[in-house]
Amino acid sequence: MTAGSANSMWGGRFSTGPDALMEAINASISFDKRLAAQDIAGSRVHAAMLAATDIISHADAQAIDAGLAQVLAEIEAGRFEFSPALEDIHMNVEARLREVIGAPAGRLHTARSRNDQVALDFRLWVRDHCDAAIAGLEELIRVFLAQAEAGADWVMPGFTHLQTAQPVTWGHHMLAYVEMFARDRSRFIDARARMNECPLGAAALAGTSFPIDRHMTAKALGFDRPTANSLDTVADRDFALEFLSAASICAMHLSRFAEELVIWSSAQFRFVRMSDRFSTGSSIMPQKRNPDAAELLRAKLGRILGATVALFTVMKGLPLTYSKDMQEDKEQVFDAADNLLLGLAAMAGMVSDLTANRPALETAAASGFSTATDLADWLVRALNLPFREAHHVTGSLVKLAEEKGCDLADLALEEMRAVHGEIHSEVYSVLGVQNSVASRTSYGGTAPENVRAQIARWKENLG
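All figures in this text were calculated on a predicted structure; none of them were measured in a lab.

(A) Region of the structure containing the overall build of the protein chain. Across its full length, the protein chain carries 19 helices and six strands. Rg of the C-alpha trace for the protein chain: 31 Å, well past the compact-globule value of 23 Å for 463 residues, more than 25% over. Seen through its principal axes, the protein chain has C-alpha atoms that stretch 100 × 55 × 40 Å. Burial analysis of the protein chain (463 residues in total) assigns 50% to the buried set. Look at the contacts in the protein chain between residues 6 or more apart in sequence, and 74% of them connect residues 24 or more apart. When the accessible surface of the protein chain is split by element, carbon and sulfur atoms take 53% of a total near 21300 Å². Treating the 44 positive side-chain charges of the protein chain as one cloud and the 58 negative ones as another, the clouds have centres 1 Å apart.

Next up, the structure:
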């Protein structure tokens, strides 16, 4: 297709073809060809509506539908030749349709514009990828639930500032990520519901004078309703921004657990062993097991967050309605979606294969005076001390144990009484990590009975 024939797609306004540089910067077919299935689905529905409203003949609509089916088959088979001279997926499909069926192809674009056409295609694509993200998150939640169930009563250290704070259970830690990824799932569900309005029929920006049936096309494409304002319809990319925002938060959660895997799999922690499927070796150090999959997943957030910032930057200064700047929306979203879905699948694989080192977890749980808070709480309950005084007494006992190089449970009762004379032997009942986690029965706490109840709740929620 020559530049001159490409001009025919624009009409008679231009007498010469675009310069090669203009053609290069203007063309989007290199990336928006990913919208082919959505573009053709929208065109088939649009043609059917045009026939149903007597805007075009049923014979022309049938020819268009058959021709579009052939074009889609060629694209799916890899036999379609995309032309940069034709700018985008819309013109590439329409030009091939004309070659296949002749004159009826020229009627397809009646009562629509590339502006509402791309808004439709892109919205359909993002909607599909919301569904894919929701499915990926549900699978990820299930593998975290399996880990939680396996270790509902395994003790491990809970951290603040990456310092040992209080004992928790492995199951409780896994459920923390279930909560995070469940919120991500709800964000994609919410975003999908909000974007489920059909742009087709807004035309260039003002609607159309043809007697189209927008409710028909909306229903046929699985939308709840048509969009209500043609100006907003053409200008809107909120659906893509919401997808990217939800993807960025989700990727941040993936990155946080990836960081924990990197730390936990180190020789200094030995909390977990990652499977060979998600580990690599060193070219020079034969002893190394590198958590490369987790590290790469940790880095994916940068790409996804970068795409989010990029699209916000594109959209922030645009007056209504469409500006060519908006062509820069798709590559960002495509890349973010690819990396998010890859990250979800990779994390599900890593967590599914993950082996926790229960003895190392339990040993670490008892280190760092992790039951100090339990001791302070006991002083409040058993001796009726104000919490601030109990905190001070406990701090003095921690200091004593630190000086002696032992744990709190290893201090003699006489040594404890030297700090506070009313302490009695019952104090030792709260100094074990198992007792500590079992006592945390408040709603949302780490007690194994709570963990099992939450697992049951989530299993029922997921169905």
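What follows continues from the structure just given.
(B) Summary view of the pairing of strand β2 (residues 163–169). Judged from the six bridges that link them, strand β1 (residues 155–160) and β2 form a sheet pairing that is antiparallel. What sits directly across from G158, in β2, is Q166. Between β1 and the antiparallel strand that follows it, β2, lie two residues; H161 among them carries a positive phi value of about 60 degrees.

(C) A look at helix α11 (residues 238–264). For α11, built from 27 residues, the straight-helix expectation of 39 Å at 1.5 Å per residue is met to within 8% by its first-to-last C-alpha distance of 39 Å. With 20 of its 27 residues buried, α11 lies for the most part within the structure.

(D) Quick look at a nonpolar patch on the surface. On the surface, L205, L231 and L320 cluster together to form a nonpolar patch covering roughly 270 Å² of accessible area. Since its relative accessible area comes to 35%, L231 is described here as partly exposed.

(E) Molecular detail of the side chain of D60. Following the sequence through the fold, D60 ends up in helix α5 (residues 58–76). At 3.0 Å, the side chain of D60 and the side chain of R107 are in polar contact. In contact with D60, not counting residues within four places along its chain, are P104 and R107.

(F) Spatial organisation of the packing of α5 against helix α6 (residues 89–101). Put simply, α5 and α6 touch, their axes get as near as 9 Å, and they point 115 degrees apart. Here α5 runs over α6; the crossing is right-handed. Residue-level contacts link A63, I64, G67, L68, Q70, V71, E74 and I75 of α5 to V93, R96, L97, V100 and I101 of α6. Here the contact of α5 with α6 is built from residues that sort into nine nonpolar, two polar and two charged.

Here is what the cut-offs are and how they apply
- Residues numbered from 1 in each chain as written.
- Predicted model: local features only at pLDDT ≥ 70, side-chain atom pairs only at ≥ 80, totals over all residues.
- Heavy atoms only, no water.
- Helix = DSSP H or I, 4+ residues; strand = E, 2+ residues; numbered from the N terminus.
- Rg over C-alpha atoms; globule rule 2.2 N^0.38 Å.
- Buried < 20%, exposed > 50% of the residue type's maximum accessible area, 1.4 Å probe, protein only.
- Contact = heavy atoms within 4.5 Å.
- Areas by Shrake-Rupley, 256 points an atom, 1.4 Å probe, with all protein chains shown as cover.
- Lys, Arg positive; Asp, Glu negative; His and termini not counted.
- Charge placed at Lys NZ, Arg CZ, Asp CG, Glu CD.
- Pairing = 2+ DSSP bridges.
- Expected span 1.5 Å × (residues − 1).
- Patch = residues over 30% accessible without salt bridge, like charges linked within 9 Å, V, L, I, M, F, W, Y side chains within 5 Å.
- Salt bridge = Lys/Arg side-chain N within 4 Å of Asp/Glu carboxyl O.
- Polar contact = N/O pair within 3.5 Å; in protein donor to acceptor, adjacent residues only side chain to side chain.
- Axes fitted to C-alpha atoms, helices over the stretch in contact; angles between N-to-C directions.
- Left-handed = near helix turned anticlockwise from the far one by under 90°.
- Nonpolar A, V, L, I, M, F, W, Y, C, P; charged D, E, K, R; others polar.

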